[in-house]
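Each chain is listed here by its residues.
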Amino acid sequence: MTSQGLFISGFVCTVLSLLFNIIGFCSPNWIQSWERVQSQFVKAGLWEFCFNGYVHPQDYLSKSYVGCWWVYSPEYYKLREFLMPNWFIACQWLSVVVILGLLLSLLLQATYFMRCCTSSLEAPVLYVAALSLLFAGLFEAMVSLLFGLGKWDRTWMPKTDHNYLSWSYGLVVLSGFFMIFGAIMLFAHAKLVSYRRKKKRENNMALTSIQK
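Everything numeric in this text was worked out from a predicted model, so none of it was measured.

**Details of the overall build of the protein**
When you go through the protein residue by residue, the secondary structure sums to five helices and five strands. When the elements of the protein are put in sequence order from the N terminus, they spell out α-β-β-β-β-α-α-α-β-α. Taken along its principal axes, the extent of the C-alpha atoms in the protein is 90 × 30 × 25 Å. With 212 residues in all, the protein has 45% of them scored as buried. In the protein, which carries 17 positive and 10 negative side-chain charges, the distance between the mean positions of the two groups comes to 17 Å.

Here you go:
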């Protein structure tokens, strides 16, 4: 693969990662209940929960929750501690960090592509973009692992065995693979850019010494 092909591959992977990540981040389909089970729990994402007549066992008022609501909605005020255990809050914050890392990497790649930096800064900019993408991928892996394991938390959603990880979670996992692959492509391209600049500098020094 050519040097330019490496950069294009890394850039495309970054864009796809950001697209998949934002869709997964915003959609309420990380975990769902099988329809045939007719559970009180319907589905949930990082920011929204859907119920069908759910009553929390420790609610002495026996309030029934119906429909989909934002997790920070007043509707879920008394239920929020149950909805958001520590591992779930960690997933939320890590997901925010992942998106910031993706945006930073994409900004740096755009800066390099549009030649907004000097030739001496091209390789460092690419290395930082690759590192940002790599760390975003690692954080995404942590989110996937935490949520994948948290799904089995029997103190969380009802009928744990009848709930499954859905397409939003799948998009997030897929975006993590794109991040890692994109980071590898950018690292390889940065290495080539650095090598070419080094050779050019050596050739210039050799030409200068001959002229003297």
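**A few points about the state of the cysteines**
According to the stated counting rule, one finds one disulfide in the structure shown. One disulfide in the model links Cys50 with Cys68; its S-S distance is 1.9 Å. Because the sign of the S-S torsion sets the handedness, a value of about 115 degrees for the bond joining Cys50 and Cys68 places this disulfide among the right-handed ones. Of the two residues, Cys50 is situated in strand β3 (residues 48-55) and Cys68 in strand β4 (residues 64-70); the sequence distance between them amounts to 18 residues. You can call Cys50 buried: its relative accessible area is 2%. Free of any disulfide, Cys26 has its nearest cysteine sulfur in Cys50, 15 Å distant. Cys26 gets classed as exposed once you look at its relative accessible area, which sits at 55%. In this structure Cys91 is a free cysteine whose sulfur lies 16 Å from that of Cys26, the closest cysteine sulfur available.

**Here's the deal with the pattern of salt bridges**
Throughout the structure, instances matching the rule amount to three salt bridges. Between Glu75 and Lys63 there is a salt bridge, with its nearest N and O atoms 3.2 Å apart. Of this pair, Glu75 sits in the loop between β4 and α2 (80-83) while Lys63 is found in the loop between β3 and β4, placing the two residues 12 residues apart along the sequence. Between Asp161 and Arg154 there is a salt bridge; the shortest N-O distance is 2.9 Å. Here Arg154 falls in the exposed class, since its relative accessible area comes to 58%.

**Let's talk about a nonpolar patch on the surface**
Side chains of Ile8, Phe11, Val12 and Val15 sit close together on the surface and give an oily, nonpolar patch of about 300 Å² of accessible area. Looking at where Ile8 falls in the secondary structure, it is placed in helix α1 (residues 3-26). What makes Ile8 partly exposed here is its relative accessible area of 45%.

**Considerations on unusual backbone geometry**
Positive phi outside glycine occurs at Gln38, with the angle close to 55 degrees. Summarising the element assignment, Gln38 is placed in the loop between β1 (31-33) and β2 (41-44). Since its relative accessible area comes to 69%, Gln38 is described here as exposed. Here the phi dihedral of Lys159 falls at roughly 50 degrees; this positive angle occurs in a residue that is not glycine. Along the chain, Lys159 falls in the loop between α4 (119-150) and β5 (163-165).

Calculation criteria
Residues numbered from 1 in each chain as written. Predicted model: local features only at pLDDT ≥ 70, side-chain atom pairs only at ≥ 80, totals over all residues. Heavy atoms only, no water. Helix = DSSP H or I, 4+ residues; strand = E, 2+ residues; numbered from the N terminus. Buried < 20%, exposed > 50% of the residue type's maximum accessible area, 1.4 Å probe, protein only. Lys, Arg positive; Asp, Glu negative; His and termini not counted. Charge placed at Lys NZ, Arg CZ, Asp CG, Glu CD. Disulfide = S-S within 2.5 Å. Salt bridge = Lys/Arg side-chain N within 4 Å of Asp/Glu carboxyl O. Patch = residues over 30% accessible without salt bridge, like charges linked within 9 Å, V, L, I, M, F, W, Y side chains within 5 Å. Areas by Shrake-Rupley, 256 points an atom, 1.4 Å probe, with all protein chains shown as cover.

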